Amino acid sequence: MSRQPERDFLQGTLDVLVLQGLAWGPKHGYAVARWIEEMSKGTFQVVDGALYTALHRMEERGWIDAEWGTSDRGRRARFYRLTAAGRRQLRAERESWTGYVAAFARVLNATTEPA
Amino acid sequence: MREPNWRRYLRFWRSSAELDVEDELRFHFRERVEELMATGLSADDARVAAAEKFGDVARARAALVASTRRLERRRTWGERIRDVLQDVRRVLRGFRAEPVLGAGIVLTLAAGIGANTAMFDILDRLLFRPPAHVVDAARVERFYFGGASPFSGPYHTPVANYPAYAAITRTPAFDGVAAYALFGTSVGAGASAWSAKAALVSSGYFALLGTRPVLGRAFVPEEEHAGYGDPGVMLSSEIWRTRFGGDSAIIGKRIDIDGWRYPVVGIAPPEFSGVEQRRVDLWLPLSAAEHGFYVSDWSTNDGSFWLNVIGRIRRGIAPAGAEAQASVAYRGFLASTPRADSTAHVRLVPVTGARTIDGPTAEARVSAWLAGIAAIVFIIACANVATLLLLRAMRHRREIAIRRALGMSDRRLAVHLLLESLVLAVIGGAAALVSMRWVSGPLRAVLLPDVAWTSGALSVQVAAITIAGVLVAALLTGCVPLVGMVRGDLTDELKSGGHGTAWHRGRAHTVLLVGQGALSVVLLVGAGLFMRSLHRAQSLDFGYDLAHVLKVQIHFPKHGSFALPPEAERLYAQALARAQRIPGVTRVALGESDPGGWSYGMSVGVPGRDSLPRAEGGGPYVTAVTPDYFATIGTPVLRGRGITSADGPGTERVAVISKSMADLYWPRSDPLGTCIHLGSEKGCTRVVGIAGDIRQYGVMDSPRLWVYTPWSQSAQDASAARGFERRGYTLFVRTSGDAEHWEQRVRSAIQGLEPALPYVSAQTLESVIDPQLRPWRLGATMLIAFGLLATALATIGLYSVVAYTVAQRRREMGIRTALGAQRRDLVQLVVADGTRIAIVGAVLGVALGAAFGHYVGGMLFRTPGFDPLVLGGAGAALVIVAVLASAVPAWRAGHVDAAAVLKTD
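Residues numbered from 1 in each chain as written. Chains lettered and ligands numbered in written order. Predicted model: local features only at pLDDT ≥ 70, side-chain atom pairs only at ≥ 80, totals over all residues. Heavy atoms only, no water.

**Re the state of the cysteines**
All names here are of chain B.
- Applying the stated criterion across every chain yields a total of one disulfide over all chains.
- Two residues, Cys675 and Cys684, share a disulfide whose sulfurs are 1.7 Å apart.
- In this structure Cys675 comes out as buried when scored by relative accessible area, which is 19%.
- Unpaired in terms of disulfides, Cys382 finds its nearest cysteine sulfur in Cys479, a separation of 10 Å.
- Taking the relative accessible area as the measure of exposure, Cys382 reaches 4% and is therefore buried.
- Its relative accessible area of 30% is what places Cys479 among the partly exposed residues. (Disulfide = S-S within 2.5 Å. Buried < 20%, exposed > 50% of the residue type's maximum accessible area, 1.4 Å probe, protein only.)

**Some words on helix H24 (residues 868-892) of chain B**
Residue and element names in this part refer to chain B.
- Along its 25 residues, H24 runs 36 Å from first to last C-alpha, staying within 8% of the 36 Å computed at 1.5 Å per residue.
- Among the residues of H24, Val870, Leu871, Ala874, Gly875, Leu878, Ala882, Ala885, Ser886, Pro889 and Ala890 are the ones counted as buried.
- Those residues of H24 that are buried are in contact with helix H16 (507-538), helix H21 (765-808) and helix H23 (823-856). (Helix = DSSP H or I, 4+ residues; strand = E, 2+ residues; numbered from the N terminus. Expected span 1.5 Å × (residues − 1). Contact = heavy atoms within 4.5 Å.)

**With respect to helix H4 (residues 84-110) of chain A**
- For H4 of chain A, with 27 residues, the first-to-last C-alpha span of 39 Å sits near the 39 Å given by 1.5 Å per residue.
- Here H4 of chain A has its buried residues at Gly86, Leu90 and Glu93 of chain A.

**Considering the confidence of the model for chain A**
All names here are of chain A.
- For chain A, the mean per-residue pLDDT works out to 83, and 86% of the residues sit at or above 70.
- Here strand E2 (residues 64-70) stands out as the least confident element of chain A, with mean pLDDT 85; strand E1 (residues 27-28) is the most confident, with 91.
- Within the model, the stretch residues 1-9 combines pLDDT values under 50 with nine contacts to residues more than four positions away or in other chains. (pLDDT = per-residue confidence, 0-100.)

**Describing the sheet that holds strand E3 (residues 76-82) of chain A**
Residue and element names in this part refer to chain A.
- Spatially, E1-E3-E2 is the arrangement adopted by the three strands of the open sheet, whose pairing is antiparallel. With partners counted over all chains shown, the strands left at the sheet margins are E1 and E2, one partner each.
- Where helix H3 (residues 48-61) meets the sheet, its contacts fall on E2 and E3, and the angle it forms with E3 comes to roughly 55°. (Pairing = 2+ DSSP bridges. Axes fitted to C-alpha atoms, helices over the stretch in contact; angles between N-to-C directions.)

**Describing the pattern of salt bridges**
- On inspection of all chains with the given rule, the structure shows 53 salt bridges over all chains.
- Between Arg254 of chain B and Asp230 of chain B there is a salt bridge whose closest N-O contact spans 2.7 Å. You can see Arg254 of chain B sitting in strand E8 (residues 254-257) and its partner Asp230 of chain B sitting in the loop between strand E6 (215-216) and strand E7 (233-235), a full 24 residues away along the chain.
- Relative accessible area serves as the criterion here: at 32%, Asp230 of chain B is assigned to the partly exposed category.
- Notably, a salt bridge pairs Arg278 of chain B with Glu363 of chain B, separated by 3.1 Å at the nearest N-O pair. Taken together, the residues span a long stretch of sequence, with Arg278 of chain B in the loop between strand E9 (260-267) and strand E10 (282-285) and Glu363 of chain B in helix H11 (residues 362-395) at a distance of 85 residues.
- With relative accessibility at 17%, the residue Glu363 of chain B sits in the buried group.
- Residues joined in a network through salt bridges with shared partners are Arg34, Glu37, Glu38 and Asp48 of chain A together with Arg32, Glu35 and Lys53 of chain B. (Salt bridge = Lys/Arg side-chain N within 4 Å of Asp/Glu carboxyl O.)

**Focus: the interface of chain B and chain A**
- Facing the 24 residues of chain B at the interface are 25 residues of chain A.
- Interface area for chain B against chain A, summed over the two sides, is near 2,500 Å², with a carbon-plus-sulfur share of 48%.
- It is Glu24, Phe27 and Lys53 of chain B in chain B that bury the most area against chain A; as a group they hold 26% of the surface buried on that side.
- One can count eleven salt bridges joining chain B with chain A. (Buried area = accessible area lost by both parts, 1.4 Å probe.)

This is the structure:
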C-alpha cells in the first residue's frame, strides 16, 4: 500500500471510511478526505473524484444529509452529516469489517506457525 | 473582476444544480491547492498536482450533477410548499422591523388595485350583466325606427305610436314583441301621498322577458285593449316591502294612482327594472293610459310617439334578417298612413351592453373614463411602491451581499425579492376586495345615481381583473429592485465598506419619480379643467335665483286629458296664501310655466310688421304671473315696471317682455309703451317693462322670447271672456335662507291644505338644474381626489429618496461643513437636486396634460381644453410640493457634526 494516486478503493471500503469520518460531526468534502489521509497515517490516499461520487451516492441513499455553510476561513462549502440511517449503516459495516479483519488476522497469524 | 452584465443574466437562468456542484468542487480545489502551496510548491505546480489527485473531473462532475438533480426531483410537493411558506414567513418577518413602510405599501397597493376593481365592477355591471330577471337577454333587442321626414331629413327614434307597434308584433323573425313607456306619477292622496316611477307595458312584456312575478300574475291580453275597465297594477318588490309591509294579502287591494284606483295583481321579483337600468316602482298595462297617464285615444292616435319597443329574436335568425323583416312590416304599416316613407326602416340594438343607436350611453362613457383614470392611479401606485421597495433593497444591501457571499444563488435572491412584492400585493389586493364589499355599493350610488344598480357580488371577470392587477403590481414593483440587484448596484457598496463618498441616485429612481410627478400633473390638470367647467356652469346666470326659490306643484290626476281640474284655481290660491304664512318665507308668487317644466307658446304680433325674426331658443312663450313674481323668482326688471296688483281684469292689458325679445323685435327703438297682439286677440297689449333673460331648461339653453302677463288678466274659465285660458300652475316660494332647508316644511304645509289633496312636490330650482351639472361635478371630484392622492404618493416617494440619499451623503456633508459650509448651503444642495427632478416631471406632465386637455375638450363647458393657467398651476404645484419634500429631510439632517462623521469611518 504505497502512495499511488490512481489506486482505486473498493466502493464499500470508501463508504465506511467516509461514514466513520462523519461520525464526529459534520464535515465538508475536503475535510473528510484530509481526515481519512491523516487517520490512516497516509496509508489511504483518497481519489477526490471518487470521494465526491461516494458522498453524493450516500446522500441519495439517505445515509448522509448535506447543507451549505461557511468554512472556517469564511468560504462557502457543502457540509455533510450522518443521518439516523447512516449511523445504523456505519454500525453494521463496522461490525462486519471488524469481523472480517479479525478473521484475516487469525488466518495470517496462523500461517506463521511452523508445520 | 466584475462579471459583465450579460454573463450575470446567464448565470441567473442556469440550473442551480450545476452551480452548486461547481461551487463545491471549486472549494475543494482551492483548499487542496493552498495545502500544496504550503508544502512549498509553486501555484501552477500545486494546481497540476491537485488536478491529478482529483481524478477524472469531467466524469465526476457529470455524475455529481446528475445525482444532485435526482435528489432535487425527489423532494416532495409537501416539502416544496413548506419551503414556500417558510419564504413567506421570512418575508413577513422582514417587514416586522419596518411596519410603517409595510403598512404604507399595502395601503398604496390596496388603493391602486381597489380603484381599478371598483371601476371595472361598474363597467361590468353596465356593459356585461344582463338586466335582472331577464332570461337569455342576449336575444332581446331594442327597436329604433328610422326614415327621412320632409321637414328635418333622416332621423332615428326609439319611440313609436301604438298602431305601428301593433303592426309589427306578428313579425315571424321574433318570438315576441313588446312595448313600454316610462312615466312619473303620484300615488295616494293627502299627507301620505308619494311620487313613483311607473312603466306602462304591453301584456306580453313579462312573458317576453321571461320574468315571473313572485306573487300573483302579470298582465293578461285583455288589459292591453282600449276601454278595458279595470286594469291591474304590479308593484316592485321594494315598494311592496317598504310601503306595504310585504303583506302577502296585498293581491286584490286597490291603490290610488294618479286619481284612479287600480287593484294589485302581482309583485315583481326583487331588483327587476325591465330593460332600462332605471328604477321602476309600478307596472301598469297599456290600457291605464286612458285613466290619467296619457290620452284616451292612445290606441288609435298615430300622431304621438310614446312607446319604446323591444323584441326577442327567434333562435337561429340573425339580427340583420330580423331587422329586414321588421323594416318590411314597418314600411308596410306606414304605407297605409299619410306618413308613407319608402326609406322607413328598423334598426335593432341589443338591450345589454349599454348602447344606444348613437353609440355607448352616457353612463358607459363616463364609466370608461373613470376606469382610465383609475388605471393611471394604479400605475402611479405601482411606481411609488417600486420606489420604496428599491430604497429598501438599497438600505439592506449589506445583508443581501452577505447572503450572496454565503451561497444564496442569484435566483433565490430574485425569487425572494419577487416574493416580497407578491406578498405585499396579495395583502393589498385582499384588502381591496374586502373593502369592496362595503364601498362598492355606496360608490356606485354616488358616481352614477340615476342607474338602478343590482346588488350582488363581483363577477368572475372582475375578480380575475383584480388577481391580474395583483400580479401586474407584484411584477412591476418587484422587478425594479430585481434589476438593480442583477446589475450589481446593490453589491458594489459592500466592497467599499458601505462608506463610499460617491453616491448616485440611480436611474431607476429618477425615472420612477419623474414618471410619478408627470402623471400627478396630468391628473391635476384634468381636475383644474373640470373645476373651471363646473364653476362656469354654476356661475352661469340663469336669470333666476337658484338657491332661494322653491317650486311647488300639485299633481292633479289627468283623467286622460291634459285639461286642468276646476279646483286647481282655488287650491293654488289657497296654497299661495298658506305659503305666505310659513315662517322664513319672504315672498310667494304664481306662474303658469315653470323652469325645467312646461312652457306655453303663443303667437305674438306687432302692429305694422308683417314678419318677425325667429329666435334660436324658440318662442315667443307666454306666461301669466302674479304681482310679486319677479321679486320672488329673482329675475330683475331691467326697465319699466313689473306686474303689479293694479293690473286687474278691468284695467288695460299689459305685458312685460324679456330682454332678448326686446333686442330682437325692437333693435333700434324702445319697446316700452308699444303695442303687441297676443294670439288671436285683436286688442292691444301694452309693453310696460323689460325683464332679464332666463334659461328655461338649463346650462345648454339659449335665452328665449318671453312675455309675462298679469295673472288676474287670464282665468281658468276663458269662456267668461275675461282673457286667456289658464294653462298651468306653479307656486314659487322664496325663502330667507337656503331653500333646501324649507323643502319639507313647505311641502307638508301645502299637502296639508286638504285631506284628499293629490301629491304635492316641492323642489329647489337648484335641484332642477343640478342633474345637468353632474358630469362636471363628478369629473372634478374624481380628478381632484385622484390628483391629490397621486401628488401625495409622489411626494412621499420623493421624500423617501431624498431622506435616503441625504443619509448616504453624510460624509460629504461632514467634509463640506468642515470646509465652512453653512446648513443653508447644504439644504440648498439637496433641494436643488430634488427640484431638478420635479421640474423635469412637471414639464413632461404639462406636455401630457395639454394632450389630455385636448382630448377631453369636448366634455368641458365653455372651457378650452388648452388652458395655460391650469397647466401652469398644476406644474407649479408639483414643483412647490417637491421643494418642500426635499427641504424637510435636508434641513433635518442638515446639522452634521463634522468631527463625528469623519471619525466614524
